[in-house]
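# Observations on the model geometry
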Amino acid sequence: MVLHFRNVNKVDSIADKKIESEPISGKQSIMSYLMSPFDPILHLAAAHRLWQRTLGERWSTTAPDFESVLMGAFEPGDHLVALVDGQVVGLAATQTRSVAGEPDPRGEVMAVLVDPDDRRKGIGRSLLACGLDRLGARGCQNAQIGGGDHSYFWPGVPTSITGAWRFFSSCGWVEEERSFDLLGDLGGYHTPISVTDRVSETQATVAVATAADHAGLRELLEEHFPAWLESYVERMATPSARDIVVARSPTGEVIGMSCAEMPPECCHWKGLKADTGSVGTLGVRLDWREKGVGLAIAAKVSETLQARGVKRCFVGWRWLADWYGALGYSVWEEYVMSRKEIDPLA
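The paragraphs below set out a description of the structure included in this document.

### Quick word on the pattern of salt bridges
- Across all of its chains, the model carries 18 salt bridges by this definition.
- With its nearest N and O atoms 2.6 Å apart, the salt bridge here joins D115 to R53. Taken together, the residues D115 in the loop between β6 (106-114) and α3 (123-137) and R53 in helix α1 (residues 40-55) connect sequence positions 62 residues apart.
- With a relative accessible area of 10%, D115 lands in the buried category.
- Between E261 and R235 there is a salt bridge; the shortest N-O distance is 3.9 Å. Residue E261 is found in strand β12 (residues 254-261), and its partner R235 is found in helix α7 (residues 229-236); the two are separated by 26 residues along the sequence.
- By relative accessible area, E261 is classed as buried at 18%.
- Residues joined by salt bridges that share partners form a network here, namely R53, D115 and D117.

Shown next as structure tokens:
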């Protein structure tokens, strides 16, 4: 079955089948293209070339890193491609993920790309609409632009990509908030005295974790940060356990944690891989928040990276730009965050 559209801005139905648009009679501006489920064997290399051509140097990524993100949580039918004369000119990447305690899976629009030579022809809108329908078919009640767990390109819509948010806004998405990626120069980094003085007043201590901290760290994660438990347990079982930083209460309880992520694992952007580390997921027990503990953990991670010879520190997907600014970090990218209800399909 092939579905034909006389109006590429309206998607009537979807299935795991090819979707073809036809030019409206006398309207040469509406081109003929084919929408097809993404096939890694047929389309992966072409999708990476499209990414590189569309997004330029700032968002350049290697083919293996692109594959790692795009295929990290891939299930057949997740992504769609638009083809013109057999060539990939558009991509809509989506994914679902289950979260403990939530009855429905979360839907995520990882990216919508259209070749610069084929924009303003309805391809992007059709790809997005079909992608959302596919998420609905998997039981999602709503979808987020960007986001994800271990497999995502961006947390939201990058404001540095000209026209990106304007496209989603024109498709009915509404801005909810902003998030940020930050970057810090570790060459001359020094933790401000005010940071160490504030946490000292609480008698909490912050240090690189030892094996004796692992049981307490696991208890903290299980009770307060279950979504991060698996990644930290994996880290504790490897040599990178030495990169975990913990905060301890005066009685020795583990009350907060983060980790120093070493190059090149910190992110998938070419320009930030060689000499850039990262502050990993950072959490503080609720009753110890707003006491300077979290900032002291981030500072200790920065010191740990610096001691290992890392030149820069990347902090991805954060809301507290000014908070990290106290350590000398500045905004590297700003994202528009948006979520939209969708209709689940039987």
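### Brief notes about the pairing of β6
- Counted residue by residue, β6 has eight buried out of nine residues, so it is predominantly covered.
- As defined by bridge partners, β6 adjoins strand β7 (residues 142-145) across three bridges and the pair is classed as parallel. Bridging across to β7, G107 finds its partner in A143.
- The handedness of the β6 to β7 crossover, carried by α3, is right-handed.

### Quick look at unusual backbone geometry
- The phi angle at R120 is positive, at roughly 60 degrees, despite the residue not being glycine.
- In this fold, R120 is placed in the loop between β6 and α3.
- Residue classification places R120 among the exposed positions, given a relative accessible area of 81%.
- Non-glycine residue Q203 carries a positive phi angle of around 70 degrees.
- Within the secondary structure layout, Q203 lies in the loop between α5 (193-201) and β10 (205-208).
- Under the relative-accessibility criterion, Q203 is labelled exposed at 57%.

Parameters at a glance
- Residues numbered from 1 in each chain as written.
- Predicted model: local features only at pLDDT ≥ 70, side-chain atom pairs only at ≥ 80, totals over all residues.
- Heavy atoms only, no water.
- Salt bridge = Lys/Arg side-chain N within 4 Å of Asp/Glu carboxyl O.
- Helix = DSSP H or I, 4+ residues; strand = E, 2+ residues; numbered from the N terminus.
- Buried < 20%, exposed > 50% of the residue type's maximum accessible area, 1.4 Å probe, protein only.
- Pairing = 2+ DSSP bridges.
- Right-handed = clockwise from strand over helix to strand, strands pointing away.

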